[in-house]
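Spelled out from the first residue to the last, the chains are:
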Amino acid sequence: MNPLGSSESDLATTGDLASPAHQWLDEHGDALFRYARLRVRDRELAEDLVQETFLAAIQSMDRFRQQASRQTWLIAILRRKIVDHHRRRATREAGHAEPVVSPEAVRGRYFDEEGFWKAAVSPWKSADAAIEHQEFWSVFNTCLGDLPPSFARAFLLRTIEGLESSEVCEQLGVNAGNLRVRLHRARLLLRECLETRWFHSSRDPEPRMR
Amino acid sequence: MTGLRSLARILTIRCEPVSDLISHQLDERLGVTDRLALEGHLIVCKSCRQLREQLRWLHDAAGRGASMSVLAPRSEETLSLEARERIQASIRESLEPRPDPSGDGGPPR
């Protein structure tokens with residue numbers, strides 16, 4: 001396939017092929033970083049994954065086809081790195097569930113032993129108007145930040161990024177049942193938080209009504 | 001038997017599993033038994049009707065927030081300077097025309 005040596009050394013000597021790779025970081029670094037940041041827990045890890053992505057991309061540069069944009073191609077590599085990471089972590093942490101909010105805690109927070117609501121779910125006033133308020137979104141972001149990280153990631157990927165459940169499972173390295181549980185709890189907690197901090201708070205969008 | 005079990009589920013489902021179905025319905029199509037159980041329960045349970053309305057709203061609002069990009073958490077975040085330098089150095093290193101000691105091109109590290 002490549003009788004005269006590795007494609008790497010070819011690239012190294014041909015300036016016009018090698019130079020784009022020097023610019024990758026400037027052109028795509030932040031986009032890749034943000035992509036990773038939404039999917040992994042910490043910053044350094046996201047940075048490492050970006051670095052690994054560039055290095056892997058350089059190694060397989062000859063497999064890049066012009067049909068895809070450079071960024072799409074880099075993200076596809078990054079995506080595999082993220083999936084690998086979650087898979088490795090899942091193997092390592094098998095049996096160690098995230099301790100932040102246990103299923104029982106969420107259940108007991110809203111439902112009695114028989115599975116009925118502890119407190120009635122009350123309506124939200126002028127929910128649609130809330131969307132127009134900048135302040136509502138900062139409350140929303142705060143609430144999202146207060147979720148256990150694994151719930152927040154599931155919610156972000158599914159609802160905000162709009163991925164299909166199967167894609168979210170792949171990205172997070174969890175099975176469908178696990179994702180379902182996370183999304184369920186994320187939504188209940190988020191609902192409660194928005195209710196407390198926005199819909200039922202004194203920062204009600206229509207304070208003059210009272 | 002399975003028919004009876006389905007019927008029992010439809011007739012006896014409580015708010016907690018219903019809240020799971022309400023959430024799940026935002027992601028997937030529910031099976032017949034689940035759908036009947038959910039809809040039957042919603043007829044008699046005001047809190048769960050309220051919940052469905054709110055979770056649907058939440059789902060749509062979050063999607064709209066994303067498209068208005070008011071909800072792009074950490075979107076302003078960028079690679080730190082240190083990370084940038086480190087990554088640039090590693091890219092440069094891997095592109096460097098290394099002298100070819102073995103004479104056969106050598107495998108990638």
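Computed from a prediction, not measured in an experiment: that's the story for all the values here.

1. Structural notes on the interface of chain B and chain A
At step 1: Each partner contributes residues to the interface: chain B has 55 residues there, and chain A has 62 residues.
At step 2: Taking both partners together, chain B and chain A bury about 5400 Å²; carbon and sulfur atoms supply 59% of that area.
At step 3: The largest contributions to the chain B side of the interface with chain A come from Glu-16, Trp-57 and Leu-95 of chain B, which together make up 13% of the buried area.
At step 4: At the junction of chain B with chain A, the criterion picks out eight salt bridges.
At step 5: Across the pair Asp-27 of chain B and Arg-158 of chain A runs a salt bridge whose closest N-O atoms are separated by 2.7 Å.
At step 6: The tally of links from chain B across to chain A stands at 25 residue pairs in polar contact (both at pLDDT 80 or more).
At step 7: Those elements that place two or more of their residues in the side of chain B that touches chain A are α2 (15-24), α4 (46-67) and α5 (81-95) of chain B.
At step 8: Top contributing element to the side of chain B that touches chain A by residue count: α4 of chain B, with 15 residues.
At step 9: Within the side of chain B that touches chain A, the residues separate by chemical class into 23 nonpolar, 17 polar and 15 charged.

2. Regarding the state of the cysteines
At step 1: Within the structure shown, the criterion is met by one disulfide over all chains.
At step 2: Cys-143 of chain A shares a disulfide with Cys-193 of chain A; S-S distance 2.1 Å. In this structure, the disulfide formed by Cys-143 of chain A and Cys-193 of chain A twists by about -80° around the S-S bond and is classed as left-handed. Taken together, the positions of Cys-143 of chain A in helix α7 (residues 134-146) and Cys-193 of chain A in helix α10 (residues 176-199) put the pair 50 residues apart, joining distant regions of the chain. The same class applies to Cys-143 of chain A as to Cys-193 of chain A, namely buried.
At step 3: Cysteine Cys-15 of chain B is unpaired, with the sulfur of Cys-48 of chain B as its nearest cysteine sulfur at 3.9 Å.
At step 4: No disulfide involves Cys-45 of chain B; its sulfur sits 3.6 Å from that of Cys-48 of chain B, the nearest cysteine.

Cut-offs applied
- Residues numbered from 1 in each chain as written.
- Chains lettered and ligands numbered in written order.
- Predicted model: local features only at pLDDT ≥ 70, side-chain atom pairs only at ≥ 80, totals over all residues.
- Heavy atoms only, no water.
- Contact = heavy atoms within 4.5 Å.
- Buried area = accessible area lost by both parts, 1.4 Å probe.
- Salt bridge = Lys/Arg side-chain N within 4 Å of Asp/Glu carboxyl O.
- Polar contact = N/O pair within 3.5 Å; in protein donor to acceptor, adjacent residues only side chain to side chain.
- Helix = DSSP H or I, 4+ residues; strand = E, 2+ residues; numbered from the N terminus.
- Nonpolar A, V, L, I, M, F, W, Y, C, P; charged D, E, K, R; others polar.
- Disulfide = S-S within 2.5 Å.
- Buried < 20%, exposed > 50% of the residue type's maximum accessible area, 1.4 Å probe, protein only.

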